[in-house]
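So the chains spell out like this:
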Amino acid sequence: MKLVVVESPAKAKTINKYLGSDYKVLASYGHIRDLPSKDGSVDPDNDFAMTWEFSAAGRKHLNDIIAALKDCDTLILASDPDREGEAIAWHILEELKSKKKLTGKKIQRVVFHEITKSAVKEGIENPREIDQDLVSAYMARRALDYLVGFTLSPVLWRKLPGSRSAGRVQSVALRLICERENEIDKFKPEEYWTVDVDFATSKLALLPTHLINLDGKKLDKFTINTKEKAEDAKAKIEAQEFAVDNVERKKASRYPAPPFTTSTLQQEAARKLRFSAKKTMHIAQKLYEAGYITYMRTDAVNLSKDAINACREAIVKYFGESYLPKTAKEYKNKTKNAQEAHEAIRPSDVMNTPKKMEMKLDSDGHKLYELIWKRTVACQMNPAVLDKVAVDVKSADGKILLRANGQVIQFDGFLKLYQESKDDSDEDDENAILPNVEKGESVKKQEIKPAQHFTTPPPRFTEASLVKKLEELGIGRPSTYASIIAVLQERKYVKVEKLRFIPEDRGRIVTVFLENFFKKYVEYDFTAQLEEFLDDVSSGAMEWKKLLAGFWAKFIKTVDSVKPLQLSEVIDKIDEALSAHLFPPREDGSDPRSCPECGKGRLSIKFGKFGAFLGCSNYPECKYTKPLTDTKEEEQQAENAAAVSSVSNSENKVMGKIGEQNVYLKKGPYGFYVQLGEDATATTEKPKRTSLPKFVKPEELSFEQAEILLSLPRDLGNGIEVNIGKFGQYVKQGTKSKSLSGEDNIFNITAERAEELLKGAVAKPEPKVLGKNPKNNEDISVNKGRYGMYLKCGKENFAIPKGYAPSELTLEDAIKIISAKK
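Residues numbered from 1 in each chain as written. Predicted model: local features only at pLDDT ≥ 70, side-chain atom pairs only at ≥ 80, totals over all residues. Heavy atoms only, no water.

Peer 1: It is not clear to me how the overall build of the chain should be interpreted in this structure. Could you clarify?
Peer 2: When you go through the chain residue by residue, the secondary structure sums to 22 helices and 32 strands. With respect to the three principal axes, the spread of C-alpha positions in the chain is 115 × 85 × 60 Å. Put simply, the chain shows about 43,000 Å² of open surface, and 49% of that area lies on carbon and sulfur atoms. (Helix = DSSP H or I, 4+ residues; strand = E, 2+ residues; numbered from the N terminus. Areas by Shrake-Rupley, 256 points an atom, 1.4 Å probe, with all protein chains shown as cover.)

Peer 1: Before we go on, may I ask you to explain the packing of helix 6 (residues 170-186) against helix 12 (residues 463-473) in this structure?
Peer 2: How two helices pack is summed up by the angle between their axes together with the distance between the axes. Close contact between helix 6 and helix 12 brings their axes to 11 Å; oriented N to C, the two are set at 120 degrees. Helix 6 and helix 12 meet at a crossing whose hand is right-handed. Between helix 6, through A173, L176 and I177, and helix 12, the contact on the second element is made entirely by L466, K469, L470 and L473. Within the contact of helix 6 with helix 12, the residues separate by chemical class into six nonpolar, no polar and one charged. (Axes fitted to C-alpha atoms, helices over the stretch in contact; angles between N-to-C directions. Left-handed = near helix turned anticlockwise from the far one by under 90°. Contact = heavy atoms within 4.5 Å. Nonpolar A, V, L, I, M, F, W, Y, C, P; charged D, E, K, R; others polar.)

Peer 1: I keep staring at the packing of aromatic side chains and nothing clicks. Help me out?
Peer 2: Describing an aromatic ring pair means giving the distance of the ring centres and the angle of the ring planes. If you walk through the whole model with that rule in mind, you get 19 aromatic pairs. Both rings, one in Y521 and one in F555, keep their centres 5.1 Å apart while their planes meet at 80 degrees; by these two values the pair is edge-to-face. One end of the pair, Y521, is in the loop between helix 14 (505-517) and helix 15 (524-538); the other, F555, is in helix 16 (residues 544-562), and 34 residues separate them in sequence. F555 carries the same exposure label as Y521, and that label is buried. With a centroid separation of 6.4 Å and an interplanar angle of 25 degrees, the aromatic rings of F526 and F551 are classed as stacked. A residue pair is termed long-range when its members are at least 10 positions apart, and F526 in helix 15 and F551 in helix 16 qualify at 25 residues. The same class applies to F526 and to F551, which are both buried. In textbook terms, an aromatic cluster arises when at least three aromatic residues are bridged by ring pairs, as seen for F513, F517, F518, Y521, F526, F551, W552 and F555. Cation over ring: R180 sits above F461, and NZ or CZ is 4.3 Å from the ring centre. The ring of Y664 has K666 sitting right over it, with the charged end atom 5.6 Å from the ring centre. (Phe/Tyr/Trp six-rings, centres within 6.5 Å; stacked < 30°, edge-to-face > 60°. Buried < 20%, exposed > 50% of the residue type's maximum accessible area, 1.4 Å probe, protein only. Lys NZ or Arg CZ within 6 Å of the ring centre and 35° of its normal.)

Peer 1: Even after reading the chapter, I still don't get the sheet that holds strand 29 (residues 768-772), so can you show me in this structure?
Peer 2: Backbone-to-backbone hydrogen bonds join strands into a sheet, with any given pair of strands oriented parallel or antiparallel. Here four strands make up an open sheet; going across it, the order is 29-30-31-32 and the pairing antiparallel. The two strands at the open ends of the sheet, each matched to only one other strand, are strand 29 and strand 32 (796-799). Between one strand axis and the next, the sheet turns through 30 degrees on average, direction left out of account. Two strands pair when backbone bridges link them, and strand 31 (residues 788-793) and strand 32 are joined in this way by four bridges, in the antiparallel orientation. Residue pairing across strands places C793 opposite E796, the latter belonging to strand 32. (Pairing = 2+ DSSP bridges.)

Peer 1: Quick question: what am I supposed to make of the pairing of strand 30 (residues 779-785) here?
Peer 2: Remark: a regular strand shows side chains that alternate across the two faces of the sheet. As paired strands, strand 29 and strand 30 are joined by four bridges and run antiparallel to one another. The residue bridging K772 from the neighbouring strand is D779, located in strand 30. Between strand 29 and strand 30, which pair antiparallel in sequence order, lie six residues; one of them, N777, sits at a positive phi of approximately 65 degrees.

Peer 1: Which parts of the structure should I look at to understand helix 10 (residues 305-318)?
Peer 2: Spacing of three or four residues puts side chains on the same side of an α-helix, whose turn is 3.6 residues. Under the 1.5 Å per step criterion, the end-to-end length of helix 10 is 20 Å for 14 residues, consistent within 8% with the ideal 20 Å. Every buried residue belonging to helix 10 is among A307, I308, A310, C311, R312, A314 and I315, and all of these are buried. Those residues of helix 10 that are buried are in contact with helix 11 (363-378). G320, located one to two residues past helix 10, shows a positive phi value of around 105 degrees. (Expected span 1.5 Å × (residues − 1).)

Peer 1: Is there a simple way to think about the side chain of S79 in this case?
Peer 2: With respect to the helices and strands, S79 occurs in the loop between strand 7 (74-77) and helix 3 (83-98). A polar contact is formed between the side chain of S79 and the backbone oxygen of G85, at a distance of 2.6 Å. When neighbours within four sequence positions are excluded, S79 is seen to be in contact with V5, E7, K11, G85, E86, I88, A89, R109, V110 and V111. (Polar contact = N/O pair within 3.5 Å; in protein donor to acceptor, adjacent residues only side chain to side chain.)

Peer 1: Help me understand the side chain of Q240, please; the structure alone is not making it clear to me.
Peer 2: Mapped onto the secondary structure, Q240 falls in the loop between helix 7 (227-238) and strand 12 (242-254). Sequence-distant contacts of Q240, defined by excluding residues within four places in its chain, comprise S395, A396, D397, I400 and K445.

Set out below in structure tokens:
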């Protein structure tokens, strides 16, 4: 027997279909261990020794692997084919070695670039060793991120009260967003005018043109920058007759974009589907684990020969021979040291068209699959052929020249299926379809249209454009972009409005601090070079501890130089750097720093317990303040912590009311719980109580959550209920049940999501009722549970002793077992 270990139960379920009875497939549920979130987990003074700790459920999953391994002679580690996947396999192997559970066992590492029958078979037939270079790259990256975070963040907290954290890549991404906002703040719009003229041809067709030469001189964007100049140009055009001076026609080809990499998939899903990078990767992971697409973390743009042949077959079948190139298009990777460079992201089976997948996928999954399918097939189609036309119209005196641009799609090629979206680009003016005209043909003026314009500031970053910029600069890696963006939002360093990032003052303050005191570590070139060094580690060209030692020696020296700084020095730097932003000119022309309350004091930046604010120099006489950061969350947390403390030290805390009854948060001998109504007395019934789940902190419990807890079991409709049982949260429909894990919980589960989860659940057999217990008239039944068959009488459960066959139990046998246990 062979044991195959993969990351997720979804992947395990898919792979299990393709392997025979000689294989057991188990999930590790991701990393079984990680660096503990405390100081000292990476020790630079001890050759960067790393202390690992089991994740919340890691020990249980490892024990499951150990138990399954007892009956197996081979352990196959089949985690994902990238750096993180290699690390997951390595962690499992290290723990099994330390527990001496591998004696006499054969160890194999296999990878599946797609979860199809042929790919699984190929992977199993081609095992290899753990790639120590990839593991070293994981260790280096993990240690670097840990050392920066756990060394820099405490400095931030001391020097900038109210700050959250700093990260090696996250801080650089934040700098990009802040710098773009600074450009926007400093931007001064410039006026310019255009002059368009509509002409009528000899056949009375409309020919729209724009002015490019006036007085025999070529115009630039700002030549006509006032209304007077525009009107002067209009008058000169009105005074002239015009004829076609030149007609230029040329054919142009437009080629399809390469198939998706992780980065381009995130960008295009953001543009076309409005998906966040995090959502895109979550959906792509599910598609991969279900066997519908290839692995979704890749920098490669190449396709396998089989995939190319399948695309060519699909093109002929669905679009016809005219759309098929004579030779297949092969894309070459341009990324230096491309990571996980296996294949581009593509459908596992191109013949699974989006239409065929409609019933197999939910709405979002189908949208992303359709995007991947179209991009993959389109990349192998013929280019589009365009007829581009430029018509020049000249005045009789030869001093005025106007031009019309247009194009006609002669053959749509790949555009029939797919067109790549762009960031912040206007539709070009070459899409107009122009009438046929000949050189020398007279044209008549119809309308002269001067139009005023103003230059616009550079656009704020969207998720797509930020990912693109990070990739261009070589900062981070596509597989990390989703988490970087999520952290910036969670830390409230940035907000998103109309799908664009705007830095909060909290984020701006952190960026100014880092730029002034840790400048090197937020420089784009330095961060990109560090990524290259990490890539060198993954390729075996650099030793990981040597990289860490070189980085740490300089970094800790910088940290030590900043620690003695007085808070006043930090405040002065930030006040100076953000002066234009914090104190913009006032409409009445008064001093932007004068206190609006007392009129005598001057405003400056100050720091309180929960962050930055503007305060008056006449404090305490003048108590004017203006918060720069939203501190409601911190204040609420402090209030909740105090409330929990009061709960711990007293009887209870009132959360609110349901009807006429108080809802209490209480602490008992087994932890916190919520209670509806008052404690029981001799004349009143015991109130309803529900324990807080482990993932809910008492200080963060909201009244809405308390209401849901007290409503359990909660009816979701269609016979589905959600509840908390002995083994945690679950949803149940009839005799089918499914545990809730990951992002699903009792507070956010919907009927639709519950139905999706229950699809794969196996219905438990109905209890077999043997009869009534003569002592209390309660039903006695035989039931199937997690650990086998058992007896149930009323609310009590009873194990069936050895010697009894559960299927042959009689009522008399059951009564005897229950009586003996009692």
